There are 4 protein chains.
Amino acid sequence: MRTTKERILEIALELFNEKGCLNTSTRHIAEKLGISIGNLYYHFKNKESILIEIFNEYIEVVFKKIKELDYEKDEIFLLKQFLADSIEADIKYRFLHLELNLLVMNFPAFKKIMEQHLHFELETIKGLVRHQIKYGYITSMSELELDIFVSNSWIIATQNASYWNLLSEDFIENSKKAALNIYFLVKPYLTQKSFENDDIKDIENFLGSII
Amino acid sequence: MRTTKERILEIALELFNEKGCLNTSTRHIAEKLGISIGNLYYHFKNKESILIEIFNEYIEVVFKKIKELDYEKDEIFLLKQFLADSIEADIKYRFLHLELNLLVMNFPAFKKIMEQHLHFELETIKGLVRHQIKYGYITSMSELELDIFVSNSWIIATQNASYWNLLSEDFIENSKKAALNIYFLVKPYLTQKSFENDDIKDIENFLGSII
Amino acid sequence: MRTTKERILEIALELFNEKGCLNTSTRHIAEKLGISIGNLYYHFKNKESILIEIFNEYIEVVFKKIKELDYEKDEIFLLKQFLADSIEADIKYRFLHLELNLLVMNFPAFKKIMEQHLHFELETIKGLVRHQIKYGYITSMSELELDIFVSNSWIIATQNASYWNLLSEDFIENSKKAALNIYFLVKPYLTQKSFENDDIKDIENFLGSII
Amino acid sequence: MRTTKERILEIALELFNEKGCLNTSTRHIAEKLGISIGNLYYHFKNKESILIEIFNEYIEVVFKKIKELDYEKDEIFLLKQFLADSIEADIKYRFLHLELNLLVMNFPAFKKIMEQHLHFELETIKGLVRHQIKYGYITSMSELELDIFVSNSWIIATQNASYWNLLSEDFIENSKKAALNIYFLVKPYLTQKSFENDDIKDIENFLGSII
DNA sequence: GATGAATGAGCGTTCATTCAT
DNA sequence: AATGAATGAACGCTCATTCAT
């Protein structure tokens, strides 16, 4: 049995994804859940803290599997995992990317946490890419190029859903395209070794099936 | 001497970029401009029509120079132009990309215009890329790859400012980085012929100066 | 060629009948007419004076034909005329009766004129009825009964359109029923002499054709 | 102790009768009641729902006593009851009739309910008149005449207050006259049996005292 | 005669949040 | 834990009217 707090977060996420966090009132969350507005404020001191708690969930999902990997030591091809994990989270918490800049403007505490997380996430991705370069999966590049490659990856990973949603309302179809965006962004940097890796073949097969 | 209508658009754009369109009230625009709220509504029938008029300006800026090019016939290297124009507009009207998805949710008439424009813009970019491929500036690619390349370009061009703003408030510095994002996205697809072109040398010099 | 002032009155009446005077803005009148709002206020010092001028037209129409009758001297059967004239005016200026009480509340100058007119109209109707009694078309009645008979007649004549419009939007059909309401209200008071009058036969034929 | 909701309805009715529903702002209601505007909207989702709730009260008052009568079986003289009940409600909720047509124009949900109620009310009155005819209190008449008689009765019952208010502001005096309007409207249709009924004598006595 | 920019009070409504119970 | 009444600032917008040109 879920606690009330958990159910609030669940419903809030649902509504945020549907209409945006800024378009969702606390009263609406409480009503949809069938609890009083007073009870909602008993569990969360304000709307921002609901947002922050959801954001913490998001962070956890993003890094859960990646953290498990001891990629510093092992020679593993991480692209597939990265693709799968990031897309999953970015779909589940898609409202975050739809209105991230406004959220940061409106919720100062959220802004702080968001910034901390972003720095950490970017460092993690950079570390991951460096690892892949070291083991020859990705071509080597300058520090500047790495910075830009990572920023482009982050932007594409988080924003492509917004893009496709502008073009079509077929949500399922759109989310599939996310994989293509990331794959083709990364592809020019893949080495021969990568293309010989079974994971890449899996990915290419999967992407082939989308088209 | 500017007309009141122009001044409203000017101040509105300023405030939209500062705090977001959704966070800017019509009363606030009027107050900052020193006119009555009634006067604002004399010039614009509602907030959405202010947004739409600003969006139409944006469209014009985006396409003004590109439209002038008779690129179907001439063999010209367009990347530099494209970089310059799109970045200029995307900075000047940056609020648009910061909250595009929410704007589309909240303003149905804007949504329609936005969608029409987006289709047209993407086709234009595709045509431009095909032209560059034809004249050997960009490596040839499949139709799918072209689609994804264009979508990635659009996403990076419109969203990179949001990204950098999350990391730093140095607005000038951030806007410079936009060029890097697009350049490195495109770079893997440039041919030898491109690298011999003087424009590319200009770009590389410019980018070098940023770092 | 109509003067601007006349055209304002014309369009105002049209809009008042369509949506009510209180739901019609002065701007709307000017726009529909294709003149500036300033020009409208050049011709009328305020909205109330438009209303009053229209009301004066109404009064004129109501009494034009009745005034022509020298009914004090002639033995004439006036019911038919009264039916025809009052219904015609009450249809043409139907907005007046739809919102008379609110108009009186909102427009003090109109209120005064309205009250004066109402007293005069009621006295006229009373005189008319007394004349019909004197010449044996209508059964004699006490002064109280006469008062009430006249008030009922006025209420039915002015309000029946509102009633039928609540039940159906077929405006033409509804206006026909007005005649029935008045006829059946008066009928119990008609004498044998009335029923032998050709006018009554005309009326009965006309009413028969409605059903 | 009245609930806030009840007090809102109470004050709203008071203000509506005083100045008209359309001339009464929600803010005005809240202020007169000494509550915040937010609280008013906590209890009613919009102004229309206040109007509708008041209208439902009106319906209840109109039909409360009439519904209790098992007039299909008993031979009873209903005129007195009808007079008393309808006048009481039409005075208490007099704003309704002062601006009914505008209310219907401005409040679509109210319009629907109003129309349903009107049809039901008219059928009820018709049934009541048919019963009185059956038991010999009212002279028999054709179906058409019945329709018109009922429509005239409804118009007089609901509109006579508006009429008298145009002539005088003595509210109490005016409301007494309502009874006269209805009585004299009905009188021509009363049979000898009616005039022998004690209720009629009561009415005549009451009316006599008014004059 | 005519234009149209400008005013500002007011309207219906929403919303995050508080607090006594 | 939970209820739900209450607050009040703010929002988008309308309207009759004025006035310089």
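Cut-offs used in this document
Residues numbered from 1 in each chain as written. Chains lettered and ligands numbered in written order. Predicted model: local features only at pLDDT ≥ 70, side-chain atom pairs only at ≥ 80, totals over all residues. Heavy atoms only, no water. Near = heavy atom within 4 Å. Polar contact = N/O pair within 3.5 Å; in protein donor to acceptor, adjacent residues only side chain to side chain. Helix = DSSP H or I, 4+ residues; strand = E, 2+ residues; numbered from the N terminus. Nonpolar A, V, L, I, M, F, W, Y, C, P; charged D, E, K, R; others polar. Domains from an automatic or database assignment. Contact = heavy atoms within 4.5 Å. Buried area = accessible area lost by both parts, 1.4 Å probe. Salt bridge = Lys/Arg side-chain N within 4 Å of Asp/Glu carboxyl O. UniProt positions renumbered as here; feature names shortened; annotations may be inferred. Least-squares fit on C-alpha atoms with pLDDT ≥ 70 in both. Axes fitted to C-alpha atoms, helices over the stretch in contact; angles between N-to-C directions. Left-handed = near helix turned anticlockwise from the far one by under 90°. pLDDT = per-residue confidence, 0-100.

S.K.: Just checking my understanding: could you explain the protein's contact with DNA strand E for this structure?
M.R.: In the region of DNA strand E, 35 residues are neighbours, and B:Asn39, B:Tyr42, C:Gly38, C:Asn39 and D:Tyr41 sit closest. Those atoms of DNA strand E that come within 4 Å of the protein belong to sugar or phosphate at a rate of 59%. One of the side-chain N or O atoms of C:Thr4 is found 3.1 Å from a phosphate oxygen in DNA strand E. When contributions to the surface near DNA strand E are tallied by element, the ones reaching two or more residues are helix H3 (37-43) of chain A, helix H3 (37-43) of chain B, helix H3 (37-43) of chain C together with helix H2 (26-33) and helix H3 (37-43) of chain D. Residues belonging to the surface near DNA strand E are distributed by class as follows: ten nonpolar, 19 polar and six charged.

S.K.: When you look at the protein's contact with DNA strand F in this model, what are you seeing that I'm missing?
M.R.: A:Gly38, A:Asn39, B:Lys47, D:Asn39 and D:Tyr42 are the nearest of the 35 residues found near DNA strand F. B:Thr26 is positioned such that a nitrogen or oxygen atom in its backbone is 2.9 Å from a phosphate oxygen of DNA strand F. In this structure, D:Tyr42 approaches DNA strand F through a side-chain N or O atom, which is 2.2 Å from a phosphate oxygen. Here the surface near DNA strand F is built from residues that sort into ten nonpolar, 19 polar and six charged.

S.K.: I keep staring at the domain arrangement of chain A and nothing clicks. Help me out?
M.R.: Many authors give the size of an interface as the accessible area that is lost as the parts come together. All names here are of chain A. In terms of domain boundaries, chain A breaks down into domain 1 (1-45) and domain 2 (52-209). A separation of 29 Å is found between the C-alpha centroids of domain 1 and domain 2. If you look at the interface, domain 1 gives ten residues, while domain 2 gives twelve residues. For the domain 1 and domain 2 pair, buried surface summed over both sides reaches about 970 Å², with 69% attributable to carbon and sulfur atoms. The tally of links between domain 1 and domain 2 comes to one salt bridge.

S.K.: What am I meant to see in the UniProt feature "DNA-binding region" (unreviewed entry) in chain A here?
M.R.: UniProt records the feature "DNA-binding region" (unreviewed entry) for residues 25-44 of chain A in the present numbering. Along residues 25-44 of chain A the backbone is 75% helical and 0% strand, and the end-to-end C-alpha distance reaches 14 Å.

S.K.: Can you help me understand the interface of chain A and chain B in this one?
M.R.: Between chain A and chain B, the contact holds 43 residues from the first and 44 residues from the second. The contact between chain A and chain B buries some 3900 Å² in all, and 69% of this surface belongs to carbon and sulfur atoms. Where chain A packs against chain B, one counts two salt bridges. The salt bridge partner of A:Glu169 is B:Lys111, with a shortest N-O separation of 3.0 Å. Of all elements in the fold, only helix H1 (4-19), helix H7 (100-106), helix H8 (108-134), helix H9 (143-167) and helix H10 (171-186) of chain A reach the threshold of two or more residues within the side of chain A that touches chain B. With 15 residues, H9(A) is the largest single contributor of residues to the side of chain A that touches chain B. Looking at the side of chain A that touches chain B, its residues break down into 24 nonpolar, eleven polar and eight charged.

S.K.: Help me out: how do you make sense of the relation of the copies chain A and chain B in this one?
M.R.: Note: a rotation about an axis with an accompanying shift along it relates these two copies of the chain. Overlaying chain A on chain B yields an RMSD of 0.2 Å, the required transformation being a rotation through 179° with an accompanying axial translation of 0.0 Å. Such a combination of rotation and displacement between the chain copies is what one expects of a two-fold axis. Taken as a fraction of all interface residues of chain A, those also at the interface in chain B reach 100%, which identifies the copy contact as same-surface.

S.K.: Would you take a moment to explain the packing of helix H1 (residues 4-19) of chain B against helix H2 (residues 26-33) of chain B for this structure?
M.R.: Two numbers describe a pair of packed helices, the interaxial angle and the distance between the axes. Residues and elements named next belong to chain B. The geometry of H1 relative to H2 is characterised by a closest axis approach of 9 Å and an angle of 115° between their N-to-C directions. Every pair of crossing elements has a handedness; the one defined by H1 and H2 is right-handed. Note on element contacts: H2 touches H1 through His28, Ile29, Lys32 and Leu33, opposite Thr4, Arg7, Ile8, Ile11, Ala12, Glu14, Leu15, Phe16, Glu18 and Lys19. Classifying every residue of the contact of H1 with H2 by side-chain character gives seven nonpolar, two polar and five charged.

S.K.: I'm lost on the confidence of the model for chain A in this one. Help?
M.R.: Parts of the prediction with low pLDDT should not have their coordinates interpreted in detail. Looking at chain A, the pLDDT average stands at 89 and 97% of residues meet or exceed 70. Element-level pLDDT for chain A is lowest in helix H5 (residues 79-92) of chain A, with a mean of 77, against a maximum mean of 97 in H3(A).

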